[in-house]
Amino acid sequence: DIQMTQSPSSLSASVGDRVTITCRASQDISNSLAWYQQKPGKAPKLLLYVASRLESGVPSRFSGSGSGTDYTLTISSLQPEDFATYLCQQYYRIPTTFGQGTRLEIK
Amino acid sequence: EVQLLDSGGGLVQPGGSLRLSCVGSGLTFVNYAMSWVRQAPGEGLEWVSGISGRGDNTRYADSVKGRFTISRDNSKNTLYLQMNNLRAEDTAVYYCGKGRTAYGDYVFDYWGQGTLVTVSS
């Protein structure tokens, strides 16, 4: 199975900050990467797929980049509603696998 | 608006069985692959099983192969997960997830609200 490793595991930031979360795959996944936001007790919400394609309705302050094994999610200016856990997912090979999550907390 | 409603979770003893359901609305159900994804308490997400739009292709995680069966009834807009020989490590919130296309799509643009399965004696 392809292992997905996110860093950092947690992050403290303030409203208005720019933050970047990294996801590394154990092998080349050819941009078959999605990012989700999950809030406590709720289902995940799709933010981006194909590494950088923004899902409909997701604010443009979210962006993604990367290639090969290394990918990043950037939030350009944090809003209060952005404090949540972020997860990456590779769908290049079955089983699709998820990173362990990055918990974004208010500083 | 697309909505998915999970149900069927509960408390079951080790070795027992449960059947989960996920009812979709606001979509042409047959046009989309569906999956089950679970999340153990305090843990990350684990994909469990997926099925194509017409139900002719199914895939399973190794951890559930031979014990779980995914199926769908497109006339009822419903996805199922039959879980047999349950183990303590199957304890989790189970979510259904909708793919964006009918085959081999494991990007989930809509999710159910989740249903809790607890395996304990």
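Quick note: structure is the one above.
Residues numbered from 1 in each chain as written. Chains lettered and ligands numbered in written order. Predicted model: local features only at pLDDT ≥ 70, side-chain atom pairs only at ≥ 80, totals over all residues. Heavy atoms only, no water.

1. Overview of the overall build of chain A
Phase 1: The number of helices and strands found in chain A is zero helices and 11 strands.
Phase 2: Taking 13 Å as the expected radius of gyration for a compact globule of 107 residues, we find that chain A reaches 13 Å, a close match to that expectation.
Phase 3: The C-alpha extent of chain A, read off along each of the three principal axes, is 35 × 25 × 25 Å.
Phase 4: The buried share of chain A, taken over its 107 residues, is 47%.
Phase 5: Nonlocal contacts in chain A, meaning residues at least 24 apart in sequence, comprise 57% of its contacts between residues at least 6 apart.
Phase 6: Counting 10 positive and 8 negative side-chain charges, chain A places the centres of these two groups 3 Å from one another. (Helix = DSSP H or I, 4+ residues; strand = E, 2+ residues; numbered from the N terminus. Rg over C-alpha atoms; globule rule 2.2 N^0.38 Å. Buried < 20%, exposed > 50% of the residue type's maximum accessible area, 1.4 Å probe, protein only. Contact = heavy atoms within 4.5 Å. Lys, Arg positive; Asp, Glu negative; His and termini not counted. Charge placed at Lys NZ, Arg CZ, Asp CG, Glu CD.)

2. Things to note about the state of the cysteines
Residue and element names in this part refer to chain B.
Phase 1: Considering all chains together, one arrives at two disulfides over all chains under this definition.
Phase 2: Shown here is the disulfide that connects Cys22 with Cys96, its sulfur atoms set 2.1 Å apart. Note on the Cys22 and Cys96 pair: the S-S dihedral is about 60 degrees, so by sign convention the disulfide is right-handed. Of the two residues, Cys22 is situated in strand β3 (residues 18-25) and Cys96 in strand β9 (residues 92-98); the sequence distance between them amounts to 74 residues. Side by side, Cys22 and Cys96 carry an identical accessibility label, which is buried. (Disulfide = S-S within 2.5 Å.)

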